[in-house]
Amino acid sequence: MITTLGISLVTLFALPPDCDVAGPDGLLHPDLETLYSQGRTYVEFRDAATRRVEAWHEHYANAQVTDVLRARVEAVPGNWKLLVIAEDWCGDSANTIPYVAKLVDIAGNLDMRIINSSAGREIMEAHRTPDGRTATPTVVLLTDDYQHSGCWVERPRKLATWFLANKEVLEEDELYDQKYAWYDKDQGRETVREIIELMEAAASGETICGT
């Protein structure tokens, strides 16, 4: 039913695929440690990108993590890992993951690896968007011993809420133009804040998952 819902929404509103990734029914339980070990660092992923190359480089280069957010992430006890499913062609990935990478680089208690949507298919199937789609980016928060402790899917909550409310109202071009304008104005702040919230919640025994 979820897969049917996801397909019907995309068909009904005739939206471009953007970062949607369709997948088969039937979920398995992936070995998160193995997937993480097979992943690439941000630099390896960025340097291999052939799509949205400028965005992958510039967003990371221009990313800034405030002292307040840096203090928050470094105050989270323990060591954490982010397993990211992303594609270089995905606009949502290119407008969020470079900022997460900068957070990882300045935090002493956080690491990250990136895999593609083929390797991460089962994870995306298990963590769908509010309207039932699989999508990149999907981010899974792991403990130091690879226990699933939270997830973040596709785009920040404010943008996701706006997008769902307006996709029936705006023309396709206007919808996506406004989405990317939001990203340009936000410059990763909401994404970084929400990733830190995942960590804070997990450290206190709570699991936040989804948008």
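Described below are features of the structure shown in this document. (Residues numbered from 1 in each chain as written. Predicted model: local features only at pLDDT ≥ 70, side-chain atom pairs only at ≥ 80, totals over all residues. Heavy atoms only, no water.)

So, the state of the cysteines
Applying the stated criterion across every chain, the model contains one disulfide. A sulfur-sulfur separation of 1.9 Å characterises the disulfide bridge that pairs cysteine 151 with cysteine 209. Between cysteine 151 and cysteine 209, the S-S torsion sits near 120 degrees, and that sign places the bridge as right-handed. Taken together, the residues cysteine 151 in strand E4 (residues 148-153) and cysteine 209 in strand E5 (residues 208-209) connect sequence positions 58 residues apart. (Disulfide = S-S within 2.5 Å. Helix = DSSP H or I, 4+ residues; strand = E, 2+ residues; numbered from the N terminus.)

Looking at the environment of alanine 55
For alanine 55, the position within the fold is in helix H4 (residues 53-62). Residues alanine 55 and proline 98 lie 43 residues apart in sequence; the distance between their C-alpha atoms is 8.6 Å. In this structure, alanine 55 is in contact with Tyr60, Ala94 and Pro98, ignoring residues within four places of it in sequence. (Contact = heavy atoms within 4.5 Å.)

Re the packing of aromatic side chains
This model, assessed by the stated rule, comprises eight aromatic pairs. Where tyrosine 42 meets tryptophan 56, the ring centres are 6.2 Å apart and the plane angle is 50 degrees; that geometry is what we call tilted. Here tyrosine 42, found in helix H3 (residues 42-48), pairs with tryptophan 56, found in helix H4; they are 14 residues apart in sequence, far enough to count as distant. The same class applies to tyrosine 42 as to tryptophan 56, namely buried. Ring centres 5.8 Å apart and planes at 75 degrees place the aromatic pair tryptophan 182 and tyrosine 183 in the edge-to-face group. Judged by its relative accessible area of 24%, tryptophan 182 falls in the partly exposed class. On the accessibility criterion, tyrosine 183 (3% relative accessible area) is buried. (Phe/Tyr/Trp six-rings, centres within 6.5 Å; stacked < 30°, edge-to-face > 60°. Buried < 20%, exposed > 50% of the residue type's maximum accessible area, 1.4 Å probe, protein only.)

Brief notes about the nonpolar core
Soluble globular proteins: nonpolar side chains tend toward being buried together. Residues Leu82 and Met112 are the most contacted members of the largest nonpolar core, which totals 35 residues. Every residue in contact with methionine 112, bar those within four places of it in the chain, is listed here: Tyr36, Arg40, Thr41, Tyr42, Leu82, Val84, Ile97, Val100, Ala101 and Val104. (Core = buried A, V, L, I, M, F, W, Y, C linked by side-chain atoms within 4.5 Å.)

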